[in-house]
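# Coordinates in review
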Amino acid sequence: EDQVTQSPEALRLQEGESSSLNCSYTVSGLRGLFWYRQDPGKGPEFLFTLYSAGEEKEKERLKATLTKKESFLHITAPKPEDSATYLCAVPFPYALNFGKGTSLLVTP
Amino acid sequence: DTGVSQDPRHKITKRGQNVTFRCDPISEHNRLYWYRQTLGQGPEFLTYFQNEAQLEKSRLLSDRFSAERPKGSFSTLEIQRTEQGDSAMYLCASSLSQTSGGLSYNEQFFGPGTRLTVL
């Protein structure tokens, strides 16, 4: 069965302190890896899709990268407004199989 | 606003009652998905439609759950004889299936969710 595992479960950073979130997956025939941001009580907000190993995408302070077994979401100089849960997911083949997410708190 | 909308946003019901939720997808999207999310977990797939056809159902979708998408537009999710374990956030997402260069693109965009509380 396809598995998606995210680490760490929770991460606390000071404003400006860069870090990375990890998403490892076991999927036969990857059809893309998706990153979402979710604020409390709201639906997930689409961030990125990565389709092949070596691919990178950036949006503001976020950069997502993909290898054959895992993806990283790098957060550079985070701000308090980046606090949220970050979810990664893989399609199987159309619906998404999500990890449990990483809850990020950025303090001033 | 041209995003995915869901109604109601919150629903409180008593055990044993029936509830129905509605989802309006992004207008040009042909695929529609329902997910359920409980605290501390990622969304879990329930079912998905391509146009009006229900193509896949999760084993999470017991016979008390039914979903429809008449005419391939909005969708409804009904839960009959609700149980306390049904308490969760119910999320709807939509996507436009397209293929380019051998890759199938399927970015899903989520609505705000319906929070169900079963007392």
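For the structure, see preceding data.
Here the structure is a predicted model, which means the values were calculated and not measured. (Residues numbered from 1 in each chain as written. Chains lettered and ligands numbered in written order. Predicted model: local features only at pLDDT ≥ 70, side-chain atom pairs only at ≥ 80, totals over all residues. Heavy atoms only, no water.)

Residue and element names in this part refer to chain A. Judged by pairing direction, the sheet is antiparallel, and its 5 strands sit side by side in the order β1-β3-β8-β7-β6 without closing on themselves. What marks the edges here is a single partner per strand, and that holds for β1 (3-7) and β6 (56-59). Put simply, the sheet's adjacent strands are angled 15 degrees from each other on average, direction ignored. The pairing of β6 with strand β7 (residues 62-66) spans 4 bridges and is classified as antiparallel. Within β7, the residue paired with Lys 57 across the bridge is Ala 64. (Pairing = 2+ DSSP bridges. Helix = DSSP H or I, 4+ residues; strand = E, 2+ residues; numbered from the N terminus. Axes fitted to C-alpha atoms, helices over the stretch in contact; angles between N-to-C directions.)

Formally, a disulfide is one covalent bond, and it connects the sulfur atom of one cysteine to the sulfur atom of another. According to the stated counting rule, one finds 2 disulfides over all chains in the structure shown. The side chain of Cys 23 of chain A participates in a disulfide bridge whose partner is Cys 88 of chain A; the two sulfur atoms lie 1.9 Å from each other. Handedness of the Cys 23 of chain A-Cys 88 of chain A disulfide follows from its S-S torsion of about 80 degrees: it is right-handed. Here Cys 23 of chain A is found in strand β3 (residues 19-26), whereas its partner Cys 88 of chain A is found in strand β9 (residues 84-91), with 65 residues between them in sequence. This pair shows no difference in class: Cys 23 of chain A is buried, exactly as Cys 88 of chain A is. Two residues, Cys 23 of chain B and Cys 92 of chain B, share a disulfide whose sulfurs are 1.8 Å apart. Between Cys 23 of chain B and Cys 92 of chain B, the S-S torsion sits near -65 degrees, and that sign places the bridge as left-handed. Of the two residues, Cys 23 of chain B is situated in strand β3 (residues 19-24) and Cys 92 of chain B in strand β9 (residues 88-95); the sequence distance between them amounts to 69 residues. A single burial state applies to Cys 23 of chain B and to Cys 92 of chain B, both of which are buried. (Disulfide = S-S within 2.5 Å. Buried < 20%, exposed > 50% of the residue type's maximum accessible area, 1.4 Å probe, protein only.)

Now for the side chain of Arg 37 of chain A. Residue and element names in this part refer to chain A. Position of Arg 37 among the secondary structure elements: in strand β4 (residues 33-38). Arg 37 sits in the buried class, given a relative accessible area of 15%. In this view, Arg 37 contacts Gly 43, Pro 44, Glu 45, Leu 47, Glu 81, Asp 82, Ser 83, Ala 84, Thr 85 and Tyr 86; residues no more than four positions away in its chain are not counted. (Contact = heavy atoms within 4.5 Å.)

Okay, the sheet that holds β3 of chain B next. Residues and elements named next belong to chain B. Taken together, the 4 strands give an open sheet; going across it, the order is β1-β3-β8-β7, and neighbouring strands pair in antiparallel fashion. Looking at strand neighbours, the two that pair on one side only are β1 (5-7) and β7 (65-68), the edges of this open sheet. Between one strand axis and the next, the sheet turns by 15 degrees as a mean value, whatever way the strands run. Strand direction decides the pairing type here: β7 and strand β8 (residues 75-79), joined by 4 bridges, are antiparallel. Within β8, the residue paired with Ala 67 across the bridge is Leu 77.

What follows is about the packing of aromatic side chains. Under the counting rule described, the total for this entry stands at 13 aromatic pairs over all chains. For the ring pair Tyr 35 of chain B and Phe 45 of chain B, a centre distance of 6.1 Å and an interplane angle of 70 degrees mean the geometry is edge-to-face. Note that Tyr 35 of chain B is positioned in strand β4 (residues 31-37) and Phe 45 of chain B in strand β5 (residues 44-50), a separation of 10 residues in sequence. Through pairs of rings, three or more aromatic residues link up here, namely Tyr 36, Phe 46, Phe 92, Tyr 94 and Phe 98 of chain A together with Tyr 33, Tyr 35, Phe 45, Tyr 48, Phe 109 and Phe 110 of chain B. Its guanidinium or amino end placed over the ring of Phe 74 of chain B, Arg 22 of chain B lies 3.9 Å from that ring's centre, counting from NZ or CZ. (Phe/Tyr/Trp six-rings, centres within 6.5 Å; stacked < 30°, edge-to-face > 60°. Lys NZ or Arg CZ within 6 Å of the ring centre and 35° of its normal.)

Turning our attention to the interface of chain A and chain B. Across the contact, 19 residues belong to chain A and 25 residues belong to chain B. Counting the surface lost from both chain A and chain B, the interface buries some 1,700 Å², and carbon and sulfur atoms represent 57% of this. In this assembly, chain A and chain B are joined by 0 salt bridges. Along the contact surface separating chain A from chain B lie 6 residue pairs in polar contact (both at pLDDT 80 or more). Those elements giving two or more residues to the side of chain A that touches chain B turn out to be β4, β5 (45-50) and β10 (96-98) of chain A. Here the side of chain A that touches chain B takes 3 residues from β4 of chain A, the largest share from any one element. (Buried area = accessible area lost by both parts, 1.4 Å probe. Salt bridge = Lys/Arg side-chain N within 4 Å of Asp/Glu carboxyl O. Polar contact = N/O pair within 3.5 Å; in protein donor to acceptor, adjacent residues only side chain to side chain.)

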